[in-house]
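Okay, here's what each chain looks like letter by letter:
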Amino acid sequence: MTVYVDLDMARTLAKNSALSVELLAPVARFSLRAGTDAQAALSKALGAALPTKIGQCTRKGSLEILCLGPDEWNILAPEDQAAKITVACEKIYAKAPHSLTEISDREVAIHITGSKATDLMTIGCPRDLDQLPVGEARRTVFDGVSAVLWRDGADEYRLDLWRSFAPHVISLLETGCNELAAE
């Protein structure tokens, strides 16, 4: 069965007294790859330091940068800043070679909050979520689907995944939310 996911605005997918699962509005997303010698120039161009520890996030205003690997970052910003980020990185390419790819249309984000948020996440995520510090994120899987899991608060997560897998993951989260409400 094909499920249509309307991404024009954030919307609640499931909600009960202990949980809220919401599809977040689209943002500008980039995948950045760069060597050590280009990182300082890229940090300056982006207006925020590239974090160097895997899983660490840098936030400056509405810009978020996540270190996914020793030379790999995800950049998230409001949609209207996509061109600004692209131009800033293009201007320094000659002196700081890098690969910047816009992946805005590839991924969606699901926001999970509430006192049972961690319980809900454990239905599909094999990570020990108590070991994921608030303010950090990790590449992981959710029921076999590659995803980036952000821990924004003690009981608050974001799950970034490829749009094509969204119907499957959303269905699992909705079912899990309903099951946890029945407890």
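Scope of this entry: the structure provided in the associated data block. All figures in this text were calculated on a predicted structure; none of them were measured in a lab. (Residues numbered from 1 in each chain as written. Predicted model: local features only at pLDDT ≥ 70, side-chain atom pairs only at ≥ 80, totals over all residues. Heavy atoms only, no water.)

**Some details on the overall build of the chain**
Part 1 of the argument: Scanning the chain from N- to C-terminus turns up four helices and 11 strands.
Part 2 of the argument: Counting only C-alpha atoms, the chain reaches 60 × 35 × 30 Å along its principal axes.
Part 3 of the argument: Burial statistics for the chain: of 183 residues in total, 48% are counted as buried.
Part 4 of the argument: Nonlocal contacts in the chain, meaning residues at least 24 apart in sequence, comprise 55% of its contacts between residues at least 6 apart.
Part 5 of the argument: For the chain, the computed accessible surface area is about 9300 Å², with 51% contributed by carbon and sulfur atoms.
Part 6 of the argument: Both charge centroids of the chain, one from 19 positive and one from 25 negative side chains, sit 7 Å from each other. (Helix = DSSP H or I, 4+ residues; strand = E, 2+ residues; numbered from the N terminus. Buried < 20%, exposed > 50% of the residue type's maximum accessible area, 1.4 Å probe, protein only. Contact = heavy atoms within 4.5 Å. Areas by Shrake-Rupley, 256 points an atom, 1.4 Å probe, with all protein chains shown as cover. Lys, Arg positive; Asp, Glu negative; His and termini not counted. Charge placed at Lys NZ, Arg CZ, Asp CG, Glu CD.)

**Things to note about helix H2 (residues 82-91)**
Structurally, the α-helix is built with 3.6 residues per turn, so residues lying three or four positions apart point the same way.
Part 1 of the argument: When H2 is considered as a whole, its buried residues turn out to be Ala82, Ile85, Ala88 and Cys89. Down the axis of H2, the buried side of the element spans an arc of 135°, and every buried residue falls inside it. Facing away from the buried side of H2, by more than 90 degrees, are the exposed residues Ala83, Lys84, Glu90 and Lys91.
Part 2 of the argument: Looking at the buried positions of H2, the neighbouring elements they touch are strand S3 (28-34), helix H1 (36-46), strand S5 (63-69), strand S6 (72-77) and strand S7 (98-102). (Arc of directions from axis to C-beta.)

**A short note on the nonpolar core**
Part 1 of the argument: Counting 27 residues, the largest nonpolar core has Ile110, Ile112, Leu159 and Leu161 as its most contacted members.
Part 2 of the argument: Counting residues per element, the ones that place at least two in this core are strand S1 (11-15), strand S2 (20-23), strand S8 (107-113), helix H3 (117-121), strand S10 (145-153), strand S11 (156-162) and helix H4 (166-182).
Part 3 of the argument: No other element matches the six residues that H4 contributes to this core.
Part 4 of the argument: Beyond its immediate stretch of four places on either side in the chain, isoleucine 112 contacts Leu19, Ser20, Val21, Ala117, Leu120, Met121, Asp155, Glu156, Tyr157, Leu159 and Leu173.
Part 5 of the argument: Judged by nonpolar contacts, the second largest core, of 20 residues, contains Phe30, Leu63, Trp73 and Ile85. (Core = buried A, V, L, I, M, F, W, Y, C linked by side-chain atoms within 4.5 Å.)

**A word on the sheet that holds S3**
Part 1 of the argument: Overall, antiparallel pairing links the five strands, which are arranged S4-S5-S6-S3-S7 in an open sheet. Bordering the open sheet on either side are strand S4 (57-60) and S7, each of which pairs with just one other strand. Mean inter-strand twist for the sheet, computed between neighbouring axes without regard to direction, equals 20°.
Part 2 of the argument: Pairing of S3 with S7 involves five bridges; the strand directions are antiparallel. (Pairing = 2+ DSSP bridges. Axes fitted to C-alpha atoms, helices over the stretch in contact; angles between N-to-C directions.)

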